[in-house]
Amino acid sequence: MRPKLNRTLIVFSTALMVLYAYERARPSDRALARSLVTAQGTIHPVNDFPALLERILRDIQKSRQCDNVILFVHGRGKHPGKAFRQRLLTDLEKDYSAKVIMFHWPSWDGPLGFPEQAARDSAKDFVAVLKTLKVFKARHADLISGVRFTLLTHSMGSFVLEESAVRLQRDSLGKLFDTLVISAAASCTRDHAAWVDVLDLSEHVYILLNRDDPVLGSAGLRERGRRLGKGLKSRGKAVKLADRAVYIDATKVSLLHRYYLHRYLRQSAALKHFLDQVLNGLPALLDPYRKIILIHEQQYPND
């Protein structure tokens, strides 16, 4: 029986390795490795950001159907195809009456991959986008009049932001965003305050976590360290919290890993109400004396 079992294990391991190599080699969803993507399905090089933003803002000023721009940094997966297939961008626009620009980075390294380094390597281009936004806002006061700006990162998108914070710590860009939401962050919990506190991009920074997140639980085991979106303890001990951030604990509201869209919030009116504020560029109405907000305890109307 043992030789047969060994052969089975060899066949299984070989098949897994072939699948991994195949997925890594697939060219789909990896054209323009770092790019800007819209809900309408257009893909632009990073240096096209000024022209793209100008077109979007002119549309906003003309139609007045929305008053918020969300810059979204996605997580792991076969993007931008994943964003299109799962309607992430179109639903973001619909749910929050916003225009969305997704910063796309090479986020797929096979089914067993954890492309942290690819995310960090993308920070150079993301910083370029942020610096361009600063210049654009200074030159186009007419176009940004009455428009709010929100930065949203999801899961491994936090590594892009984390590395950007390190690169920008001696080069403050000022408050480019009305709100900044770090959702289900895959960054390590331990020592996260060091990079969050050098972020100077918004006066209102919110870190969303869920202790029941199964995806970040697996990532924490593999990467040997709790993920920020999973909780605020490392090796059983509470970690230092960031002075600049407010922590939104979404545990106990029947969520999994992605919960920034309305479709995931049917059982949590409180979290929906919170996101309706912050993803519209509005500061959340929360207890100013509490660093950690248990969102299921917040009393909001059902809407």
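Structure's up top.
Residues numbered from 1 in each chain as written. Predicted model: local features only at pLDDT ≥ 70, side-chain atom pairs only at ≥ 80, totals over all residues. Heavy atoms only, no water.

A. Spatial organisation of the sheet that holds strand S5 (residues 148–154). One open sheet holds the nine strands; their spatial order is S2-S1-S4-S3-S5-S6-S7-S10-S11, and the pairing between them is mixed. Looking at which strands have only one partner, the edges of the open sheet turn out to be strand S2 (43–45) and strand S11 (292–294). Adjacent strand axes in the sheet meet at a mean angle of 25 degrees when their direction is disregarded. Examined bridge by bridge, strand S1 (residues 35–38) and strand S4 (residues 99–104) share four bridges and lie antiparallel to one another. The partner of Leu 36 across the bridge, within S4, is Phe 103. Across the sheet, helix H2 (residues 49–63) touches S1, S2, strand S3 (68–73), S4 and S5, and the angle it forms with S4 is around 165 degrees. (Pairing = 2+ DSSP bridges. Helix = DSSP H or I, 4+ residues; strand = E, 2+ residues; numbered from the N terminus. Axes fitted to C-alpha atoms, helices over the stretch in contact; angles between N-to-C directions. Contact = heavy atoms within 4.5 Å.)

B. Representation of unusual backbone geometry. Residue Pro 80 is reached from His 79 by a cis peptide bond, and omega for that bond is 5 degrees. Structurally, Pro 80 is set in the loop between S3 and helix H3 (81–85). We note that Ser 97 has phi near 45 degrees; this positive angle belongs to a residue other than glycine. With respect to the helices, strands and loops of the structure, Ser 97 is situated in the loop between helix H4 (88–96) and S4.

C. Fine view of the packing of aromatic side chains. In the structure shown here, the tally under the stated rule is four aromatic pairs. A centroid spacing of 5.5 Å and a plane angle of 55 degrees characterise the contact between Phe 72 and Tyr 260, whose relative ring orientation is tilted. Here the residue Phe 72 occupies a position in strand S3, and Tyr 260 occupies one in the loop between strand S10 (245–249) and helix H11 (269–278), the gap between them amounting to 188 residues. When the centroid spacing of 5.1 Å and the interplanar angle of 65 degrees are considered together, the rings of Phe 103 and Phe 126 count as edge-to-face. Of the two residues, Phe 103 is situated in strand S4 and Phe 126 in helix H6 (residues 123–139); the sequence distance between them amounts to 23 residues. (Phe/Tyr/Trp six-rings, centres within 6.5 Å; stacked < 30°, edge-to-face > 60°.)

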